[in-house]
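Observations on chain architecture
Spelled out, the chains give:
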Amino acid sequence: MPYLMVNLDDTNDCRKAIKQLRSAINAPDCDRDANDSVGRRGRTGNRLAADADSPGKPQGEDVAALPLPMKLRRIKQRHIWKHLVRIANAAEDAQSLPELDLLLDLPKNKMRSLKAIMAKLENRFDLKFLRVVPNAGVDASGNPRYEMLPNVRRQILKIEAA
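These remarks concern the structure in this document.

1. Concerning the overall build of the chain
- A tally of regular secondary structure across the chain gives 6 helices and 3 strands.
- The buried share of the chain, taken over its 162 residues, is 31%.
- Carbon and sulfur atoms provide 52% of the accessible area of the chain, an area that totals close to 11100 Å².

This is the structure we're talking about:
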């Protein structure tokens, strides 16, 4: 595997590296997509299994443009789905992340980790699961309270019931 060493303080070296990377990505014999990355399963010649949301999906499909029910069906295939369902079922009022830990009987600060994972999905799928409710105040520790968006809650519960 070839390595590219770049002096990040040298702008000419950075330009050459970018040019070399672009030529490697656009090479006709390159069997990797430009969006491939190293994930839990390591780098493969094909797209990562975690990114292959559905069989036969054309590469480069913009998942952010999909309607909400289709986005949530794709997210259902991920491990975070069970937590989204629990939040949709249990947390009808605005809750802080520590309060959600207690409500859902999760280990301390687990909800913070889940919120970070949700943020990645929110960016990729261009949607919001939880939003801060400013008029709900803060909890005893000063943490803001969140609520699940009503249309997202309805769709999650509808998909789970089906």
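We are not done yet, so read on.
2. Examining the nonpolar core
- Among the nonpolar cores identified, the biggest contains 29 residues, and I75, L84, M111, M118, F129 and I156 are the most heavily contacted of them.
- The set of elements that each furnish at least two residues to this core consists of α2 (68-75), α3 (81-90), α4 (97-103), α5 (110-125), β3 (145-148) and α6 (150-161).
- If we ignore the near neighbours within four places in the chain, the residues touching I156 are L72, W81, L84, V85, A88 and M148.

3. Overview of the sheet that holds strand β1 (residues 95-96)
- Pairing within the open sheet is antiparallel, and its 3 strands lie in the order β1-β3-β2. Lying at the two open borders of the sheet, with one neighbouring strand each, are β1 and β2 (130-132).
- With 3 bridges connecting them, β2 and β3 associate as antiparallel partners. Within β3, the position partnered with R131 by the bridge is E147.

4. Re the pairing of β3
- Pairing geometry for β1 and β3, over 2 bridges, is antiparallel. What sits directly across from Q95, in β3, is Y146.

5. Topic: the packing of α2 against α6
- Where α2 meets α6, the closest approach of the two axes is 10 Å, and the angle between their N-to-C directions is 60 degrees. Judged on the interaxial angle alone, α6 and α2 are oblique. Note on packing geometry: the crossing formed by α2 with α6 is right-handed. Residues L68, P69, L72 and R73 of α2 lie in contact with α6, whose contacting residues are N151, V152, Q155, I156 and I159.
- Residues that form the contact of α2 with α6 fall into these classes: 6 nonpolar, 2 polar and 1 charged.

6. Considering the environment of R153
- Secondary-structure assignment places R153 in helix α6.
- Residues within four places of R153 in sequence aside, it is in contact with I87, A88, N89, A91, E92 and M148.

7. Looking at the pattern of salt bridges
- A full pass over the atoms with the stated rule returns 3 salt bridges.
- Across the salt bridge formed by R145 and E99, the nearest N and O atoms sit 2.7 Å from each other. Here R145 is found in strand β3, whereas its partner E99 is found in helix α4, with 46 residues between them in sequence.
- In this structure R145 comes out as buried when scored by relative accessible area, which is 18%.

8. What about α5?
- Its 16 residues place the ends of α5 22 Å apart at the C-alpha level, agreeing with the 22 Å of an ideal helix rising 1.5 Å per residue.
- Residues of α5 that are buried include every one of M111, L114, K115, M118, L121, E122 and F125, and no others. One face of α5 carries all of its buried residues, which in axial projection span an arc of 120 degrees. Away from the buried face of α5 by more than 90 degrees, exposed residues K120 and N123 are located.

9. Considering the environment of P67
- Among the structural elements, P67 can be located in the loop between α1 (11-25) and α2.
- Separated by 58 residues in the primary sequence, P67 and F125 place their C-alpha atoms 9.9 Å from one another.

10. Description of the side chain of R153
- No salt bridge is formed by the buried R153. Its closest oppositely charged neighbour is E92, at 5.6 Å.
- Looking at R153, its side chain comes within polar contact range of the main-chain oxygen of A88, at 2.5 Å.

Scoring rules and cut-offs
Residues numbered from 1 in each chain as written. Predicted model: local features only at pLDDT ≥ 70, side-chain atom pairs only at ≥ 80, totals over all residues. Heavy atoms only, no water. Helix = DSSP H or I, 4+ residues; strand = E, 2+ residues; numbered from the N terminus. Buried < 20%, exposed > 50% of the residue type's maximum accessible area, 1.4 Å probe, protein only. Areas by Shrake-Rupley, 256 points an atom, 1.4 Å probe, with all protein chains shown as cover. Core = buried A, V, L, I, M, F, W, Y, C linked by side-chain atoms within 4.5 Å. Contact = heavy atoms within 4.5 Å. Pairing = 2+ DSSP bridges. Axes fitted to C-alpha atoms, helices over the stretch in contact; angles between N-to-C directions. Parallel < 35°, antiparallel > 145°, perpendicular 65-115°, else oblique. Left-handed = near helix turned anticlockwise from the far one by under 90°. Nonpolar A, V, L, I, M, F, W, Y, C, P; charged D, E, K, R; others polar. Salt bridge = Lys/Arg side-chain N within 4 Å of Asp/Glu carboxyl O. Expected span 1.5 Å × (residues − 1). Arc of directions from axis to C-beta. Lys, Arg positive; Asp, Glu negative; His and termini not counted. Polar contact = N/O pair within 3.5 Å; in protein donor to acceptor, adjacent residues only side chain to side chain.

In short, shape yes, function no, at least from these values alone.
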